Every structure is written in C-alpha cells, then in structure tokens.
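Notes for the structure review
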Protein chains: 2
Amino acid sequence: MTSIPAPLGASINRQWRLAARPQGLPVATDWAFSSEPVPEPTGDECLVRVLHISLDPAMRGWMNDGRSYVPPVGIGEVMRAVGIGRVVASAHPGFKVGDLVTGAFGVQDYAITDGRGVTPVVAGAAPLTQYLSVLGMPGMTAYFGLLDVGRPVAGETVVVSAAAGAVGQLVGQIAKIKGCRVVGIAGGLEKCRFIVDELGFDAAIDYKSEDVRAALREHCPDRVNVYFDNVGGEILDTVLTRLARHARIVICGSISQYNNQGPARGPTNYMALLVDRARMEGFVVFDYAKRYAEAAQELAGWLADGRLKSVEDVVAGLEYFPETLLKLYSGANFGKLILSLGDVAG
Amino acid sequence: MTSIPAPLGASINRQWRLAARPQGLPVATDWAFSSEPVPEPTGDECLVRVLHISLDPAMRGWMNDGRSYVPPVGIGEVMRAVGIGRVVASAHPGFKVGDLVTGAFGVQDYAITDGRGVTPVVAGAAPLTQYLSVLGMPGMTAYFGLLDVGRPVAGETVVVSAAAGAVGQLVGQIAKIKGCRVVGIAGGLEKCRFIVDELGFDAAIDYKSEDVRAALREHCPDRVNVYFDNVGGEILDTVLTRLARHARIVICGSISQYNNQGPARGPTNYMALLVDRARMEGFVVFDYAKRYAEAAQELAGWLADGRLKSVEDVVAGLEYFPETLLKLYSGANFGKLILSLGDVAG
C-alpha cells in the first residue's frame, strides 16, 4: 500500500449525516455535522480526498423512506453524493495515489472505497468541475434522456424546463445541435436571457413573470414535439395542453414536488396523451452506464468545438452544504450546482 | 335511385339531440327528443335505417366543448353515435338498398349519409351486434391498443380495468391468447366471476369490495408489465405503485373522470414512470383505420375458434337512450352496451 502525507489540517474527516427525515424542505435539524479521524484503507480499499461534490435535485428523494430507484439514505448515515476526488492512499490494484476519480463519495472530506462505482478521470481535457456536470451525470442524463427517450427529429420543437439548470442547459443545447427549435422555461429574466443569448435557445419563457400557456402558444406555433420535464407540477400540466401529435414527454424529475408534504400533484391534463397520441416516459440514467463513454466522447467533442457550453455554480466550503443544497429548490442556482472543498486546484 | 317502402310506422325519424352541455352526469334537460319526417336522400346520398346503436364511454367527452380528437357535438345537433343499419334508399353508387352498413349514424331511427366513413358489413359471419363490439370499434380499440401500444410479451402480466366492459373483456382475452398472465379489475362479484370463469382471466379484483393495492400485490407477484387503463382516477394511481421495470401503460380512457365537474384527477404517482423506467401512452383507434380489416380477420378467427367470446348488453328502444347511456358511468353494463331499435332481425 502506498500513501501520501495528509494535507495540513486533513487528519479530520468532516461529514454531513442525515439526522432525520425531512418534512418538506430540509431544515438544520435534519442534518448532523460530525467529524472523525481520517480512516485508513484496509484490504483492497483506497482513500479518496474529495475535491468537488455534486449537488443534485434527486438528493431530496434519497432522504425519503420508501421504494425508489436507489435505497434511501439511512438515518445517521453520511449523505449520499457524487463527487470527484484524488486517491491519497491505495491498497486497490486498480487505483494508485494521485489518480483522479469520480464516484458516490458522500458529503464528506474523505471517502473510503472498494472501487465499485468509481471511475478514473483523465484530467486535462476539461476543468475538474465539468466531470460533475457536462461530462458527468447531468451530461449523461441530458444526452440519453433527450436522444434515447425523447428522440427529437431535426425541425421539431423541443421544450425543456429548469432550462438554466445542470441538465436543462445541456438538453437545450444538444437539441439545437440536432437541428430542433428549442424553447426553455426558467425562472427570472437573467436566466432567460442567458439561455437565449449565451446558449442559443430560440426562445425562453420566464415562469415567474409570464403566463406560460400564452407564451407556449407564442413560441411553439407548431406545438411541442418533445418536452423534457425536470419540474413536474403546474408547468408539466400546462405543457400537456400544447402537445403536438405523437409528442414525447421525458420524465427526468419533478423538482417542484420534491418538498411537498403529502402527495405530489399529478398531471391533471394527462388525457392529452390520448388526444395527441403522445407518450410520457421515465428513465434512470444509471441504466445507460455501458454507454457513458460514448456519450462523454461526443459531449467532449461538442465542448471542444465550442458548440456546447457548460455553466457551473460553485460554492466553496463543506460547511455550507445544507444551505447550498436549498438553492436547488428555490431555483437560486445558475447552471450545475457544485460544492467545492479545500484543495480545489486538485 | 332505388328505394323500398318504409316499414310500418317508419315515416317518422325520432332523434335525440343535445340540448345543453352537461355539468357532471347528463340529466334529462341536457337532451331533446324530437321527430321529423324521414328525410329523402338527394344527390349521391343514401338513407340508412338504424338497427343498433353503440353506446360508448367516449360519448360523454363529445358533449363537452373544447379541443379533443373529434369536434364536440353542437348544441341542437343529433347526438353522435356509431351504429349498424340497413340501406333503405340509395342514390349512392357504392351502396344499394338492402346493404348492411356501419357508420356514425347518430342517435336516431334514420340517417342520411354521403357514404363517407360508412363501411359495408358482410352479414352472416356473426350476430349483427358483434359488428359494434368485437368486430367494431371496441374490438379495434382492444386489438391495437393492447398489441401496438402495450406490446405484451408471452409470460408478462397484463392488468386491465373496466375488465367486464366492451373493450376490457377483449383486451384480457387477447392478452391470454398471447400467452400473458391476465388480471382484470371490475366492479362487483358477478363481473369478477364472469371474467375468470367465462373469459379465462387468471384473476379478478373487485374494486368495489377489495383493497386494490393489496389485491395487485397478491395477483401480480412479478408486478405489472402492461396496464390497459379504461378508468383513470384512483385505480390508475394504484396500479402505478405496482409497475414492473419498463412497464407500458396504455391510456384508452378515464371513465371515472368523464363526469367530473372541475379538473380531472391526475395520476399522483406518475413519478413511478421514472422509478420503473415505464411509459404511459395514449392512442386513438381511428389512426389504425387502414389496418381494421387485418384486425377484424384475426378477431373473427379467434371467435370462430372459440378462443374469444364477446358479450353484449342490449337494451331495446330508442326512447331509452338517456338512461341507458348512464349505465356506462355507473358501471351497470355488462359487456358492450348497445341500444337496439325496432326491426332488430335486420
């Protein structure tokens, strides 16, 4: 086993643990900020110093009890999160000290891993944070959700909600690359300007100040062929009134409903699926794991060509995790939300 | 132009017209029972004596204003309905007196038609009422909805609601022919016994007396691969909790919601589509018109082999239209609901 000396002050592993199952939005008492000595890898394990942590809307769902596509985080456990980090000690034959890796390292300074679900990162191709956004899960989610589930055809109209978010910004740009008319729904003038002026969307709808139904009529004269839904709730219901025949609705998330107390709001207008011969389909990005490399290669090519931009909203400091996570649910983040730890230079 | 003498007492054409748009269930004042002299065909038209009228859940939707897959019935117009009848006068080159035909003849004794949407019937293969059920729209709906949209594979579990209704009884039997495990949801012990004992379903769930969620757990140990939904509402929501991975939900109707005042109930549990990588898809049977003959041939073959049964619930008398239609929404009908007029022998 090889190891490198712990950085100054790094003998302590700080951790955010789930203290209670939230009712609605997570509050301070739902979390416990604890610390323990940095653990030593044993057997075939390696120790990873976490550099950046991905904050995802889906994390709210992982905090609930009940059946989902992954088991819930247990009370008292370190909160689950995907991150990028550097191997600082290794007894694992596949990883050596100094390697950059991504994996579900949790919301903590250091993680012990047996290598399962850990992917090496060849640094240099992109800033490290992009391995948590366009070259990470949001990129994979946008790529496979739009192209495999939504199946847009050049000339069709694609609408995406949370359009300035981690996944939404990529969905819209990929749809543009594929020759579609793209309309983004986002909250606030700044985000709307950004997706049109910087990302090249054809139009934006500010759900906070506009009548979304009227705006869809204006911006989608040929109705909506593909709707990539990140938000659920009232916006999903409104888009259902504007579907084109044989439309595809990609169910990626329903962030407007994650903090509901009581049942989620179902799409009242779902019978539009019959009237418009349309389908609504969900997916889980993990199912595409065997094709991640293919997607990453194509996304990296578009990044290199300047056809694709990726915006990250980076907040520094593990200690700010609880309030930073809440930015997702108030819509305060701009692009992919990332919590950076010390040692950001990687 | 050829014609035959009108039958005794047939100089009057009785008609049910839409008098007002219903709020909730249609009531007496929503209808007007009028009569006029039997019209004479002119130009290329022909006159059809209606023999049997198909009563369909979708008729309630046609009475509402607003965008749907067909225009609404106008106030004062004869209520739209599909029927089977005999040509009694014809100036149309394609139809001669004595021909049996199906078409949207409306809720009346006689209809004038220019032949558009009118299909000749080769009588003798089956009782006339079956051309409005297994060999008519319910048959086409079950066949294409199940096979083209639901795409069941032998060994999979298929669940159908309104399982003793016109479409449901056929969906379940076709799924059995295709080698699936079939569970029907119906209201009342008699219907449940019927679909199991007479139609060969593997199990039935009585939604009026059973806990549907618990019964689905019992009868669908491998969860639900295809759900053919005729009812919407709470039952759709419950089946969503029991989907298998990559399940298909066929949206055929939502009869539990047709008489709602105010918005329909949306499927609160629709995020199961994501968790289970499932899809929910609507269809309109008219889109399959070019393949009706193919389906009718296969369905007739199954009927002849005794592999498929068709049950019709026949009520005699045009004058009983309003109260007979309501049987659909209270679940009082047993199989395909048909209103028969005089001259039933055809």
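Residues numbered from 1 in each chain as written. Chains lettered and ligands numbered in written order. Predicted model: local features only at pLDDT ≥ 70, side-chain atom pairs only at ≥ 80, totals over all residues.

**Some thoughts on the relation of the copies chain A and chain B**
Once chain A has been moved 0.0 Å along the axis and rotated by 180°, it coincides with chain B to within an RMSD of 0.0 Å. The operation mapping one copy onto its partner corresponds to a two-fold rotation axis. Taking the C-alpha atom as reference, chain A places G266 of chain A closest to the rotation axis, 2.2 Å from it. Most of the interface of chain A is mirrored in chain B: 96% of its interface residues are interface residues there too. (Least-squares fit on C-alpha atoms with pLDDT ≥ 70 in both. Contact = placed C-beta atoms within 7 Å.)

**Points about the domain arrangement of chain A**
All names here are of chain A. Its domain assignment divides chain A into domain 1 (2-132 + 311-340) and domain 2 (137-286). Relative to domain 2, the C-alpha centre of domain 1 lies at a distance of 29 Å. On the side of domain 2, 14 residues touch domain 1, which itself brings 18 residues to the contact. For the side of domain 1 that touches domain 2, the elements supplying multiple residues, two or more each, are α1 (59-62) and β16 (336-340). Across the side of domain 1 that touches domain 2, the residue classes break down as 9 nonpolar, 7 polar and 2 charged. (Domains from an automatic or database assignment. Helix = DSSP H or I, 4+ residues; strand = E, 2+ residues; numbered from the N terminus. Nonpolar A, V, L, I, M, F, W, Y, C, P; charged D, E, K, R; others polar.)

**Side note on the packing of helix α5 (residues 212-219) of chain B against helix α6 (residues 233-240) of chain B**
All names here are of chain B. Two numbers describe how α5 lies on α6: the axes approach to 10 Å, and their chain directions differ by 40°. In this view, α5 runs oblique relative to α6, as classed from their interaxial angle. Of the two possible hands of crossing, α5 and α6 adopt the one that is right-handed. Here V212, R213 and L216 of α5 lie close against α6, whose contacting residues are I235, T238 and V239. Looking at side-chain class alone, the contact of α5 with α6 contains 4 nonpolar, 1 polar and 1 charged residues. (Axes fitted to C-alpha atoms, helices over the stretch in contact; angles between N-to-C directions. Parallel < 35°, antiparallel > 145°, perpendicular 65-115°, else oblique. Left-handed = near helix turned anticlockwise from the far one by under 90°.)

**Observations concerning unusual backbone geometry**
Most peptide bonds take the trans form, and the phi angle of most residues other than glycine is negative. All names here are of chain A. Phi is positive for H246, which is not a glycine, with a value near 65°. Despite not being glycine, R277 has its phi angle at roughly 50°, a positive value. Positionally, R277 belongs in the loop between α7 (272-275) and β14 (279-282).

**Focus: the sheet that holds strand β13 (residues 243-251) of chain A**
Pairing is mixed across the open sheet formed by 12 strands, whose spatial order is β11(A)-β10(A)-β9(A)-β12(A)-β13(A)-β14(A)-β14(B)-β13(B)-β12(B)-β9(B)-β10(B)-β11(B). The outermost strands of the open sheet, each flanked by one partner alone, are β11 (203-206) of chain A together with β11 (203-206) of chain B. Strand-to-strand twist across the sheet, computed as the mean angle between neighbouring axes with direction ignored, equals 15°. Sheet contacts for α6 of chain B: β9 (157-161), β10 (181-186), β12 (224-229) and β13 (243-251) of chain B; angle to β12 of chain B, the most-contacted strand, approximately 170°. (Pairing = 2+ DSSP bridges.)

**A short note on the environment of E210 of chain B**
All names here are of chain B. Among the structural elements, E210 can be located in the loop between β11 and α5. Looking at E210, the number of C-beta atoms within 10 Å reads 15, which means it is partly exposed. Along the sequence, E210 and A89 sit 121 residues apart, while their C-alpha atoms lie 53 Å from each other. In contact with E210, not counting residues within four places along its chain, are I205 and A215. (Buried ≥ 20, exposed ≤ 12 C-beta atoms within 10 Å, placed from the backbone.)

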